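Residue strings, one per chain:
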Amino acid sequence: MAASQTYMPAGQTSMVKKGSVAVQIQTEYSFRPYPRIKTTIFNDGQVVHKVEKKLNSPIDSADEQMRVERIIRNQHKEVMAIVQEKAKSSAPVLKKKLAETTDELSGVDNIAAIPGVLAVHCLDSNGNFHNRKGTERFRKIYSTLLKDIDALLGIFTARPGQPGLREKGVYEVERDSLYLASVGDKFYFIVVRRDNDTINYEKAIKEIIKPFGEF
C-alpha cells in the first residue's frame, strides 16, 4: 500500500442548526488529485462553500499525520466559528448570510494556502478572536504579545470618521514566524514556518488582501 494511503488523518464533521436551517461542516484530508485539507459547508445537502489548504506533499509518516490532524482541527474550528457567528441571526437571514460567507472564508483560505503558513487566526476590529477555543495554543504561546493587543493593532491607523475601520496592510511581528494583516474591519494573525527561501510573506499576504481595498 502506498504511503499516501497508509497515513490517513481523522476528519471532522459538525452541524449548526437554526430553526429550519441545518448547516453541516466537514473537514478532511485528500491526496488526490493533490494533497490538501478541504472543509466543505453544506446547506440542505447542497455545497455552499469550500475551503482548501494545499499541502506540499502527501503524508508519509506518523508524525506528519499527527501534524495534519492538528491543522484539520484548527481549520475546522475556524470555519465553525464563522458559521456559528452567522447563525446568531434568524433562520431566514442565516440563509442569506451563508451566501455572504464566501468572502470571509476566502481570506483565511487563500492566506492558509501560502506555502509555509501553519495557521491563520481571525480577529474582529476590537481584537477579539473569532474562535477562542481554536486559538488556545496560539494565545498561550504569544501571551506576552497579546497582553497589549490594542497597541499592536494600533500599528494600523484608525480611519477618521469610520468607527471600527483601520488602514489596510501587513506587519511582520516576528521575522519569518508571525505576521499581522489588517483588511480594514478585521485582522489576521498568520503563523509561518519558512520552508522556501523564495517566498516574500509580506508581499504574498498583501496580494491576497488587495481585493479588500487599496493600501
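Residues numbered from 1 in each chain as written. Predicted model: local features only at pLDDT ≥ 70, side-chain atom pairs only at ≥ 80, totals over all residues. Heavy atoms only, no water.

**Q** Can you walk me through the nonpolar core in this structure?
**A** For soluble globular proteins, the rule of thumb is that nonpolar side chains tend to be buried together. Grouped together as the largest cluster of nonpolar side chains are 19 residues, with contacts concentrated most on Val 120, Tyr 188 and Ile 190. Among the secondary structure elements, those contributing two or more residues to this core are helix 3 (91–112), strand 5 (117–124), strand 7 (178–182), strand 8 (186–192) and helix 7 (201–209). Considering every element that reaches this core, the biggest residue donor is helix 7, with 4 residues. Sequence-distant contacts of Val 120, defined by excluding residues within four places in its chain, comprise Glu 78, Val 108, Ile 111, Ala 112, Tyr 188, Phe 189 and Ile 190. Counting residues in each nonpolar core, the second largest holds 16 residues, with Leu 123, Leu 146, Val 173 and Val 191 among its members. (Core = buried A, V, L, I, M, F, W, Y, C linked by side-chain atoms within 4.5 Å. Buried < 20%, exposed > 50% of the residue type's maximum accessible area, 1.4 Å probe, protein only. Helix = DSSP H or I, 4+ residues; strand = E, 2+ residues; numbered from the N terminus. Contact = heavy atoms within 4.5 Å.)

**Q** Sorry, what's going on with the sheet that holds strand 3 (residues 36–43) here?
**A** Pairing between the strands of a sheet is mediated by backbone hydrogen bonds and can be parallel or antiparallel. Across the sheet, 4 strands lie side by side as 1-2-3-4; this open sheet has antiparallel pairing. Strand pairing shows two members of the sheet lacking a second neighbour, strand 1 (12–18) and strand 4 (46–54), which therefore form its edges. Direction aside, the axes of adjacent strands within the sheet are offset by 15 degrees on average. As paired strands, strand 2 (residues 21–30) and strand 3 are joined by 8 bridges and run antiparallel to one another. Opposite Ser 30, over in strand 3, you have Arg 36 as the bridge partner. (Pairing = 2+ DSSP bridges. Axes fitted to C-alpha atoms, helices over the stretch in contact; angles between N-to-C directions.)

**Q** Whenever I open this one, unusual backbone geometry confuses me. Can you help?
**A** Trans peptide bonds make up the majority, and among non-glycine residues the majority have a negative phi. With omega at 0 degrees, the peptide bond leading from Arg 32 into Pro 33 counts as cis. As for its placement among the helices and strands, Pro 33 is situated in the loop between strand 2 and strand 3. Positive phi values are uncommon outside glycine, yet Asp 176 reaches one of about 50 degrees. The topology assignment puts Asp 176 in the loop between strand 6 (169–174) and strand 7. The exposure class of Asp 176 is partly exposed, given its relative accessible area of 24%.

**Q** Please explain the packing of aromatic side chains as it appears in this structure.
**A** To describe a pair of aromatic rings, you give the distance between the ring centres and the angle between the ring planes. Scanning all chains against the criterion turns up 6 aromatic pairs. Judged by centre distance (6.3 Å) and plane angle (25 degrees), the rings of Phe 129 and Phe 189 are stacked. With Phe 129 in the loop between strand 5 and helix 4 (136–141) and Phe 189 in strand 8, the pair connects residues that are 60 residues apart, well separated along the chain. Using a relative accessible area of 0% as the deciding quantity, one classes Phe 189 as buried. Between the aromatic rings of Phe 138 and Tyr 142, the centroid separation amounts to 4.9 Å while the plane-to-plane angle is 45 degrees, which identifies the pairing as tilted. The same class applies to Phe 138 and to Tyr 142, which are both buried. Through successive ring pairs, a cluster of aromatic residues spans Phe 129, Phe 138, Tyr 142 and Phe 189. The ring of Tyr 34 carries Arg 36 above its face, with NZ or CZ at 5.1 Å from the centroid. (Phe/Tyr/Trp six-rings, centres within 6.5 Å; stacked < 30°, edge-to-face > 60°. Lys NZ or Arg CZ within 6 Å of the ring centre and 35° of its normal.)

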